[in-house]
Structure formats: C-alpha cells, structure tokens
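# A structural walkthrough
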Amino acid sequence: MEKEFLTLIQKNFPVSRRPFADLAAELGSEEDEVLALYAKLKEEKVIRQTSAIFDTKSLGYRSSLVAFKIDDIEKGAEIINRHPGVSHNYERDNPYNLWFTIAVAPDSKLGLEKTVELLARETGAEEYIILPTKKMFKISVQLDVKGDRAKKERVRKHEKVPMEMEPIHYEMIRWLQKDIEATAEPFAPIVESLGIDYETLARETERMKKAGLMRRFASILYHRKAGFTANAMVVWKVPEERAEAIGETVAAYSAVSHCYLRPVFPNWPYPLFSMVHGKSREEVEKIVTEMAEEIGVREYSYLYSTREFKKVRINYFSPQFDEWEKRYNTI
C-alpha cells in the first residue's frame with residue numbers, strides 16, 4: 001500500500017475534516033493504518049511536506065531562476081538563503097555553480113533585479129545571470145514511485161476562473177502553506193482560527209485552485225529517500241522558431257517535472273530548461289538521449305545538483321520580506 005499511498009498524496013491530499021479517512025477509503029484501508037503510515041514516512045524523511053502549492057506569479061510575486069558564479073559557495077549559499085523568497089538553492093556542476101529561485105513580494109521596494117544585484121554584491125559573485133520564465137510548459141513534481149507511469153503523458157491545461165481575493169483568502173494562504181500535522185484532523189487549527197467550517201475551507205480552496213492561485217494541495221517527497229537519486233537540470237540550445245514546439249515535446253515526458261522557456265544571453269545560449277528525474281545518472285541520460293533524438297537537438301548540457309543548500313516552500317504574505325529589505329539603506 002505504501003507506493004499507492006505516496007502516488008495518491010503527491011497528486012492530491014484531501015482538504016477535509018478527516019483526510020486520512022478519505023484516503024483510507026480510496027485505498028481500501030483503515031484511517032488508523034493510513035495515519036500511521038503517513039507518520040512513519042514523515043519520520044523516515046520520505047515525505048518532505050504536505051501543504052498547498054501556490055502559483056507565485058498569480059499571487060503577485062515576481063520570481064526568477066538565478067545563476068551565480070562564485071568562489072566561496074558555502075558562504076554565498078548562506079547569505080542567499082537568508083532571503084525569505086529563496087525557495088530552492090543548489091550547487092550544480094557548471095561554471096555557474098550556484099543556482100537558486102527567488103521571489104520578491106508584490107509591494108517590494110527593491111524589486112527583483114535590485115535584490116539579485118545586492119545578493120551578488122554581498123556574496124562576491126564574479127558573474128550572474130537572471131533567467132525569468134518566458135513560457136511555462138510544465139510544473140508537476142510527482143515522482144513515479146510505483147514505476148508504472150507511461151513514458152509520456154498529456155500535459156493538461158486548465159482555463160482559469162477569475163476570483164477576487166478577500167481577507168479570508170489571504171488568511172487561508174497563510175495557514176494552508178504550512179506543513180500539516182500527522183493527526184486525524186490536521187485542518188482543525190485552520191477552521192478554528194478563522195472561524196469557518198470545513199465546507200467553506202474546502203470550497204474556497206477549490207476556488208483558489210480554479211483561479212490558478214493554488215496549483216494543488218499535496219505532498220512533496222525527499223527525492224533520494226523515494227529512490228530518485230539523480231536529477232539533472234538539462235538545458236537545450238534550440239532555434240527560436242522551434243522553441244515552443246520542442247518545449248511541448250520535452251514536457252510530455254513523465255520523467256520531466258519542470259519545463260520552461262527562458263531568455264538567452266551571450267554567455268548563456270540555452271533557452272529551454274527541463275528538470276529530469278531518475279533512479280540513476282544512467283537512467284536520466286538514457287531519457288535525455290531519447291529526447292534529443294526525438295526533437296533533433298544536439299547541443300544540450302547536464303547540470304546535476306551536487307549539493308542542496310535550501311528547498312522550502314515560500315511563506316507568502318509574510319513580514320519577513322519587508323524585514324529583509326529594511327536591512328538595506330538603499331530603499
């Protein structure tokens with residue numbers, strides 16, 4: 001049942017009064033058994049976090065992938081990690097050796113570019129490139145723990161249903177972005193604190209999903225503990241006129257969790273980025289070779305992550321963003 005359970009909660013974790021009972025019914029099990037399994041997998045660090053996955057751009061934040069070329073990588077990573085908008089930060093085997101994603105709040109006085117400039121100065125980065133998303137083809141981290149997914153899958157696109165954000169939604173975001181507790185009623189603190197019922201919580205969560213504010217409420221796994229010991233950022237040098245068609249093709253591979261089109265620079269000629277996951281480097285490179293043959297691209301590069309310095313969910317609408325900016329007199 002363990003693999004079926006992990007597959008299920010990566011796709012969707014029920015936002016309900018007794019979610020483990022709902023999951024048990026779907027798995028043909030008992031609530032106590034499923035709750036015990038969840039607690040065990042959290043203790044063993046197979047499950048990293050279960051919470052809402054929000055869309056940064058839809059919430060009004062500006063974000064980007066950034067690459068630094070830096071000598072003292074440990075010190076640099078420590079400085080970068082202090083920014084509350086840094087969610088991922090990795091050492092990768094490339095001359096640009098420190099790669100991180102950063103978001104700045106809608107009311108940021110510094111803005112994205114100035115924030116990165118300040119971080120580059122503080123860390124002593126020799127060079128850096130800012131690589132914002134021009135087009136997103138796919139973002140869906142769902143590891144194939146059962147090993148039964150098709151090699152390719154249709155990337156579903158949903159039309160957004162606009163909604164007006166009200167104070168209750170901001171409060172819900174602050175609560176739903178937190179990791180849940182391994183208890184029978186993990187959402188009880190939310191409904192009690194906000195003074196709402198479970199029906200309202202479920203309904204408004206679903207509205208935020210349909211509006212594109214929330215991608216899903218689900219569990220994220222520790223890749224290595226789940227058996228996926230290799231993940232590579234594979235960057236592709238593709239002709240501009242074929243970039244979108246190639247991006248759609250690459251995104252269709254189940255082993256690809258992220259696929260984006262980003263800008264190019266004289267020192268960075270790769271516009272297409274894809275994250276490819278496998279149980280070994282050999283598996284990753286076999287998949288990439290197959291992709292390269294299908295799309296007819298010969299110029300590409302592997303950027304394996306060699307160290308993880310940070311991987312967290314952003315704490316949206318937190319005073320930490322303003323506090324970080326206030327440390328600088330240039331505001």
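This one's a predicted model, so the numbers in the text were calculated from it and none came from an experiment.

### Here we look at the sheet that holds strand E2 (residues 62-69)
On the basis of which strands lie adjacent, the open sheet formed by 9 strands has the order E5-E2-E4-E3-E11-E8-E10-E9-E6 and antiparallel pairing. Two strands close off the open sheet at either side, each with one partner strand: strand E5 (127-131) and strand E6 (135-139). Across the sheet, the mean angle separating the axes of adjacent strands is 25° when strand polarity is ignored. In this structure, strand E8 (residues 230-236) lies alongside strand E11 (residues 300-311), joined through 5 bridges in antiparallel fashion. Among the inter-strand pairings, Trp236 is bridged to a residue of E11, identified as Tyr300. Across the face of the sheet, helix H5 (residues 111-123) comes into contact with E2, strand E4 (98-104) and E5 while running at roughly 25° to E2.

### Some remarks on the packing of helix H6 (residues 167-176) against helix H8 (residues 198-210)
Where H6 contacts H8, the axes come no closer than 11 Å and their chain directions differ by 95°. Classified by the interaxial angle, the pair formed by H6 and H8 is roughly perpendicular. Contacts between H6 and H8 pair His169, Met172, Ile173 and Leu176 from the former with Leu201, Glu204, Thr205, Arg207 and Met208 from the latter. In terms of residue class, the contact of H6 with H8 is built from 5 nonpolar, 2 polar and 2 charged.

### Focus: the packing of aromatic side chains
Scanning the model with the defined rule gives 21 aromatic pairs in all. Relative to Phe217, the ring of Phe187 has its centre 5.4 Å away and its plane inclined at 65°; by these criteria the two rings are edge-to-face. Here Phe187 is found in the loop between H6 and helix H7 (188-194), whereas its partner Phe217 is found in strand E7 (residues 214-221), with 30 residues between them in sequence. In this structure, Phe187 and Phe217 share a single accessibility class: buried. Three or more aromatic residues joined by ring pairs form one cluster here, namely Phe5, Phe13, Phe20, Tyr38, Phe187 and Phe217. The side chain of Lys69 reaches across the aromatic face of Tyr96, ending 4.9 Å from its centre. The ring of Trp175 carries Lys178 above its face, with NZ or CZ at 4.2 Å from the centroid.

Parameters at a glance
- Residues numbered from 1 in each chain as written.
- Predicted model: local features only at pLDDT ≥ 70, side-chain atom pairs only at ≥ 80, totals over all residues.
- Heavy atoms only, no water.
- Pairing = 2+ DSSP bridges.
- Helix = DSSP H or I, 4+ residues; strand = E, 2+ residues; numbered from the N terminus.
- Axes fitted to C-alpha atoms, helices over the stretch in contact; angles between N-to-C directions.
- Contact = heavy atoms within 4.5 Å.
- Parallel < 35°, antiparallel > 145°, perpendicular 65-115°, else oblique.
- Nonpolar A, V, L, I, M, F, W, Y, C, P; charged D, E, K, R; others polar.
- Phe/Tyr/Trp six-rings, centres within 6.5 Å; stacked < 30°, edge-to-face > 60°.
- Buried < 20%, exposed > 50% of the residue type's maximum accessible area, 1.4 Å probe, protein only.
- Lys NZ or Arg CZ within 6 Å of the ring centre and 35° of its normal.

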